[in-house]
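Residue-level structural notes
Single-letter residue listing:
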Amino acid sequence: MEGYDFDLFVIGAGSGGVRAARIAAGHGARVGICEESRVGGTCVIRGCVPKKLLVYASHFAEDLEDAAGYGWEIGPSTFSWPDLIRAKDKEIDRLNSVYLSLLDNTGVTLYETRGVLQDRHTIRLGEETVTAKTILIAVGGRPWKPEIPGIDLAITSDEAFHLEYLPKRVAVIGGGFIACEFAGIFKGLGSEVTQIYRGDALLRGFDGDVRRVVSEGQVRKGIKLVLEANVTGLTKSGDGLQLTLDNGDSLEVDEVLYATGRVPNVRNLGLREAGVEVKASGQIVVDRYSCTNVENIFAVGDVTNRVNLTPVATYEGHSFADTEFAGMNRPVNHEYVPSAVFCQPPVGTVGYSEEDALHHIGPLDVYVSEFRPMKHTLSGRDEKALMKLVVAKESQKVVGLHVVGPDAPEIVQGFAVAVKSGLTKERFDCTIGIHPTAAEELVTMRSPVRSHG
Ligand code: NDP
């Protein structure tokens, strides 16, 4: 690739960018990568990983309480937010170093600065410019807040990971992944939590039964759930913040966390200069090979707003590198991507919701089991679990599998292989359950609770 400094230059060292850089370098490409924040990206630095650590932390209060039902008498306990944040930061530092060595070990040149496209082969890196035959944009997304009076007083998940104290009273705005997860975290750690959502059940886009069970679950945990309401403004009030709602109510809290979605991180990236097509939302338009309308410029991950999940970004980055630098033919396929919401209890899901399956698949058999997890027979905790299969009537393929309950993400990761492989309900039925588990329900449900069509 003479004439260019690099065969591949990657803008953004998050999950998708780092994977693509490493794999391309492994295929023999000369690779450069730049990052304006910390190597590791949203998932490692301010997303999935620190979030999961906080979810673990928030579970202990309940676990200590539940132990009483099993004969344990546990003395007074206290929780230190600063200790938790320190421990979490140490782990994030460790992972950041792992990512740095991964790049180093594969011979990728790292520029710890912002990269801006100057034209379709040139990237400006501060005072310096470099050229590359192929460019990959993997800059991810950033939190978005609606423009309402006083919105600057509210934090997003970015800041929630670095609060100096555990707020006593928190309002969480939104009904999606981040809102449900953080409402659970703050509640578990001892805050008074009000979750405010404009819709009538949390987690729009998920299966209807999942949405109902999660909405009820948040309330069971003691989260004050305010549905069908919008915040109209925020003002300072004494030491706290006053929120006004369009249903006429108002409330005072110590912190307001907005989790109202994320947008592609494309501001001043030079996309216009390079001729890259972008939708009004900022989303970079790509084909099945993650190629933009400019043939040497590619994009992966949240900036393309396809399925905004870390493992999807790494898969897109890996497929791109194999296709472009090893001559393989690896288009991406976003069907049957499993996902989880780490609310409490968590959700694991793969495939179609009942509602979407009716629309896209046709006649269905639907199997549902709702029960109290065995652990809570003695703990006495009022918690519900849900197991659900959505089956295409004609082919008998399981096209949707949804779990709410302890370990749901772990359970669904395994079952996702079966659903992705197009297995039929009969294959599920002939699989022996593991007893006693919650997951055995998924292979022992025999009669549909309803059929459509
Ligand atoms: P989501 O898109 O999941 O949820 C956004 C929420 O904000 C929705 O409930 C939405 O309501 C609401 N909302 C949007 N605009 C407004 C508005 N103007 N006023 C009031 N409410 C509004 O985004 P998140 O921020 O929760 O997460 C961003 C992405 O990050 C997710 O899509 C997911 O891909 C990823 N993520 C994945 C996680 C995981 O895998 N466990 C964890 C965290 C994030 P409505 O539904 O009515 O549109």
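Quick caveat, the model's predicted, so the values are computed rather than measured. (Residues numbered from 1 in each chain as written. Predicted model: local features only at pLDDT ≥ 70, side-chain atom pairs only at ≥ 80, totals over all residues. Heavy atoms only, no water.)

**Points about unusual backbone geometry**
The bulk of non-glycine residues show a negative phi, and the bulk of peptide bonds are trans. As a reminder of what qualifies: Each helix is a run of H or I in the DSSP string that is no shorter than four residues. Each strand is a run of E no shorter than two, and both are numbered from the N terminus.
Geometrically, the link from Q344 to P345 is a cis peptide bond, its omega value of 0 degrees lying close to zero. Take P345: it is sitting in the loop between β17 (339–341) and β18 (347–351). Residue P436 is bonded to the preceding H435 through a cis peptide linkage, with omega at -5 degrees. Following the sequence through the fold, P436 ends up in the loop between α13 (425–429) and β22 (450–452). Of note in the backbone geometry, L203 takes a positive phi value of approximately 60 degrees without being a glycine.

**A short note on the pattern of salt bridges**
The line we're drawing: Definition used for salt bridges: Asp or Glu carboxyl oxygen within 4 Å of a side-chain nitrogen of Lys or Arg. The classification of residues rests on relative accessible area computed with a 1.4 Å probe and restricted to protein chains. Under 20% of the type maximum is buried, over 50% is exposed, and intermediate values are partly exposed.
As enumerated under the stated definition, the model contains 30 salt bridges in all. We note a salt bridge from R94 to E91, for which the minimum N-O separation is 2.9 Å. Taken together, the residues R94 and E91, both in helix α4 (residues 81–105) and three residues apart, mark about one turn of the helix. Residue class for R94 comes out partly exposed when judged on its relative accessible area of 45%. With its nearest N and O atoms 2.7 Å apart, the salt bridge here joins R169 to D254. Taken together, the positions of R169 in strand β8 (residues 169–173) and D254 in the loop between β13 (250–253) and β14 (255–258) put the pair 85 residues apart, joining distant regions of the chain. Residue classification places D254 among the buried positions, given a relative accessible area of 15%. A cluster of three or more residues bridged by salt bridges with shared partners is formed by D207, D209, R212, E216, E354, E370, K388 and R450.

**Overview of the nonpolar core**
Our working definition: Joining through side-chain atoms within 4.5 Å is the link that ties buried Ala, Val, Leu, Ile, Met, Phe, Trp, Tyr and Cys residues into a set, and such a set is a nonpolar core.
If you look at the biggest cluster of nonpolar residues, it comprises 29 residues, and the most contacted ones within it are L389, L401, V403, F415, F428 and L442. At the level of elements, β19 (364–371), β20 (385–392), β21 (398–404) and α12 (408–420) are the ones that each hand at least two residues to this core. It is α12 that contributes the most residues to this core, seven residues altogether.

**Here's the deal with a nonpolar patch on the surface**
Our working rule: Residues enter patches when they are more than 30% accessible in relative terms and free of salt bridges; like-charged ones are connected within 9 Å and nonpolar ones (Val, Leu, Ile, Met, Phe, Trp, Tyr) within 5 Å. To measure how exposed things are, a 1.4 Å probe is used in the Shrake-Rupley method; for residues, cover is taken only from the protein chains shown.
A contiguous nonpolar surface patch, about 530 Å² in accessible area, is contributed by L64, Y70, W72, I74 and L378. Assignment of secondary structure puts I74 in the loop between α3 (48–67) and α4. The exposure class assigned to I74 is partly exposed, which follows from its relative accessible area of 43%.

**Points about the site of the ligand**
The criterion, for reference: In this text, near means that some heavy atom of the residue lies within 4 Å of the molecule or strand in question. Polar contacts here mean pairs of N or O atoms no more than 3.5 Å apart (in protein, one a potential hydrogen donor and the other a potential acceptor; neighbouring residues in sequence count only if both atoms are side-chain atoms).
Taken together, 21 residues sit near the ligand, with G175, I178, R204, N308 and A340 positioned nearest. Between the ligand and the protein, one listed contact pairs an oxygen atom with a backbone N or O atom of I178 at 2.8 Å. A distance of 2.6 Å separates an oxygen atom of the ligand from a polar backbone atom of N308. For the ligand, whose accessible area on its own is 910 Å², the fraction buried by protein is 77%. With three residues, helix α6 (residues 177–189) is the largest single contributor of residues to the shell around the ligand.

Interpretation note: all reported values are geometric properties and have no functional meaning in isolation.
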